Amino acid sequence: MAMPRKSTHRTDPFEADTPHGRIPPPCTLVIFGASGDLARRKLIPALYVLSLEGLLPTPFFVVGAGRTPLTTDTFRSSMEEEVRTHSRVPFDATAWSIFAKSLEYVRVDVSSLAGIAPLVSHLHEIDTLRGGASNHLFYLSIPPSGIAPLASLLGESGLSRPASSSFTRLIIEKPFGLNFSTAQALNALLHQSFEEEQIYRIDHYLAKETVQNMMVFRFGNEIFEPLWNRQHIDHVQITVAEPIGIEGRGEYYEESGALRDMVQSHVMQLLAIVGMEPPANFRAETIRDEKVKLLRAVRHIHPDDALSYTVRGQYASGSINGEHVVAYRDEPGVPEGTLRETFVALKVDIDNWRWAGTPFYIRSGKRLAKRVSEIAIQFRSVPHSPFVGNVPTPSATLSEDVIAPNVLVLRIQPDEGISLAFSAKVPGQSMEIREVIMDFHYGSSFLTQSPEAYERLLLDCMLGDATLFAREDEVEEAWRFCTALLDGWRAHPPDRANCPNYPAGSWGPTEADQLLERDGRKWREI
Ligand code: BG6
């Protein structure tokens, strides 16, 4: 593919400050759970890359806060190891020594006001003596049950309220509740200490370059949007498949399952971006308003329809890339005989003018054949094929089936890009028609590595750009849909004799194929 032409149009509401991008104001990021997995593998390496790329402000401080008794020196040296292992870019000792100076550690006990007093005084010292500008970000990288109590503690300690002309922001990770009512309760609790504008809910799918590109693709090009509706699109398939299992998170996964883990968050966000109306501008609230409108139009699956609109699966043992893997039930932390779903397929109807009658089919699961996240837009077949009956030689017989409908595939990962399948004439004397693919690959077209999701999200949060974060009402709408489904599932438990129902390394249970076959459709072969 040709190299992209440079566009002079900035879609970004912020002006560039450096050749690489925007620089936030001086601030201090407090990471609760700083010795946890997320901080070590994702957050600190992401901050290191931002520092290396000159995108962090001066001064900038990262305060690791946790129960583990660590000194700042030991914290720095353990983080150095993590950065060496997990950074997206090769380790650079000079860059590390510059970044390491911003890292500090404070021991806290988040069970009481007295327990976080050392953090309150540390921040006060940074702000008053070291030019920290009183801009604070609190990243709660802690288990879900600790989020609401810690947010309340920050409220009680006064840390949730920004000093005048400063900002205070709260960053939280999913899961945002376990169903609609717990999500609503969590939001209400957070709002006792923080305004909605201060809360940044992370859905790391939104920060994937290819997910952001879906908006540019739809709203930065004239040719596709007029076709983006029920008149031209037969159906949409969203696939988020993972070959990995539950990776030692047995307890979490057993409570969550595929629907809560992937669909309520990542997949509903993808659905919202593919289905939403064009936003009037690229501001956070405008985009989030459009996404919410779409989510509100998603038809809830009535409990009586739970079995005809959805399929649950659970993996048995099998083989992935030639290696034997155990069944879900044999994973550590998973109770014997559990019926918890590790795969889900569903048919989603959207009740609005644009999508009425065009279903969205979703499938997501663990231990599937390949790692693939993609959205396939399958266009309608041509209304009449002029080629049928005009075949010059009997050997080149044509039927209407020969003209495969156009399919546009937005590949989110791993092979990021976009492809369009269309019909072409095979060279030769006969009118033979075959499907060919026009393909755009991110890697070869831009010759540059995409930033890690957490680099983008941390930077956006420091800049106060909430576009790629889930707003309260988005989360609640997605839960409203999933909770109705969970109610239906509860009323129709899986058939014990048919669980597990797919071998690891397959594409899920056969019932998932039947879900589409009933509508005369089939899943794309990937
Ligand atoms: C997380 C889920 O949110 O997303 C995991 O909890 C899942 O179960 C992960 O594996 C997938 O993210 P990615 O970026 O690897 O597709």
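As a reminder, the structure under discussion sits directly above these lines.
Criteria and cut-off values
In this numbering scheme, every chain counts its residues from 1 along its sequence in written order. Only residues with pLDDT of 70 or above have their local features reported here, since the model is predicted, and side-chain atom pairs are shown and tallied only from 80 upward, although totals for entire chains, interfaces and linings are computed over all residues. Note that water and hydrogens are dropped before the side-chain values are worked out from all heavy atoms of the structure. A pair of strands counts as paired when DSSP detects no fewer than two bridges linking them. Secondary structure elements follow DSSP: runs of H or I of four or more residues count as helices, runs of E of two or more count as strands, with numbering from the N terminus. The convention used is that axes are lines fitted to C-alpha atoms, helices contributing only their stretch in contact, and that angles between N-to-C directions extend from 0 to 180 degrees. The contact definition used throughout considers only heavy atoms, calling two residues in contact when any of these lie within 4.5 Å. Each aromatic pair joins two rings of Phe, Tyr and Trp (for Trp, the six-membered one) with centres within 6.5 Å, and gets the label stacked for planes under 30 degrees apart, edge-to-face for over 60, and tilted for any other angle. The buried label applies to any residue whose accessible area, calculated with a 1.4 Å probe on protein chains only, is under 20% of its type's maximum; exposed applies above 50%, and partly exposed to all values in between. By the criterion adopted, a ring carries a charge over it if an Arg CZ or a Lys NZ lies within 6 Å of its centre and within 35 degrees of its normal. If an angle is under 35 degrees, it is roughly parallel; if it is over 145, roughly antiparallel; if it lies from 65 to 115, roughly perpendicular; otherwise it is oblique. Here a crossing is called left-handed whenever its near helix is offset anticlockwise from the far helix by less than a right angle, and right-handed whenever the offset is clockwise. Counted as positive: Lys and Arg. Counted as negative: Asp and Glu, with His and the chain ends omitted from the count. Salt bridges are identified by distance alone: a Lys or Arg side-chain nitrogen within 4 Å of an Asp or Glu carboxyl oxygen. Whenever two N or O atoms come within 3.5 Å, that pair is a polar contact, provided that in protein one can donate a hydrogen and the other can accept it, and provided that, for residues adjacent in sequence, both atoms are side-chain atoms.

Structural notes on the sheet that holds strand β17 (residues 433-441)
- Read across the sheet, eight strands follow the order β8-β12-β13-β7-β14-β15-β16-β17 without closing on themselves; strand pairing throughout is mixed. Either end of the sheet is taken by a strand with one partner, and the two such strands are β8 (310-313) and β17. With direction set aside, neighbouring strand axes in the sheet form an average angle of 15 degrees.
- Helix α13 (residues 472-491) rests against β8 and β12 (343-348) of the sheet, and its axis sits at about 115 degrees to β12.

Describing the packing of aromatic side chains
- Per the counting criterion, the structure on display carries 19 aromatic pairs.
- Centre to centre, the rings of Trp96 and Phe99 are 5.7 Å apart; their planes meet at 65 degrees, and the pair counts as edge-to-face. With a gap of three residues between them, Trp96 and Phe99 both fall in helix α3 (residues 93-100), about one helical turn apart. Side by side, Trp96 and Phe99 carry an identical accessibility label, which is buried.
- Ring centres of Tyr200 and Phe469 lie 4.9 Å apart, and the angle between their planes is 80 degrees; this geometry places the pair in the edge-to-face category. Here Tyr200, found in strand β6 (residues 199-202), pairs with Phe469, found in strand β18 (residues 469-470); they are 269 residues apart in sequence, far enough to count as distant. Each of the two residues, Tyr200 as well as Phe469, counts as buried.
- Clustering of aromatic rings is evident, with ring pairs tying together Tyr253, Tyr315, Tyr328, Phe343 and Tyr502.
- Arg169 extends its terminal NZ or CZ atom over the ring of Phe167, reaching a point 3.6 Å from the ring centre.
- Sitting over the face of the ring of Tyr205, Lys208 holds its NZ or CZ atom 4.6 Å from the ring centroid.

Description of the packing of helix α7 (residues 209-219) against helix α8 (residues 250-275)
- One way to put it is that α7 packs onto α8 with a least axis distance of 9 Å and a crossing angle of 10 degrees. The angle between the axes of α7 and α8 places the two elements in the roughly parallel class. Once α7 is placed against α8, the crossing between them reads as right-handed. Of the residues in α8, those in contact with Val211, Met214, Met215 and Arg218 of α7 are Leu270, Ile273, Val274 and Gly275.

Side note on the side chain of Lys208
- If you trace the backbone, Lys208 turns up in the loop between β6 and α7.
- Buried and without a salt bridge, Lys208 has Glu416 as its closest oppositely charged side chain, separated by 7.2 Å.
- In terms of polar contacts, Lys208 uses its side chain to reach the side chain of Gln413, at 2.8 Å.
- Once residues within four sequence positions are removed from consideration, Lys208 is found in contact with Ile412 and Gln413.

Purely geometric stuff here, so don't read any function into it on its own.
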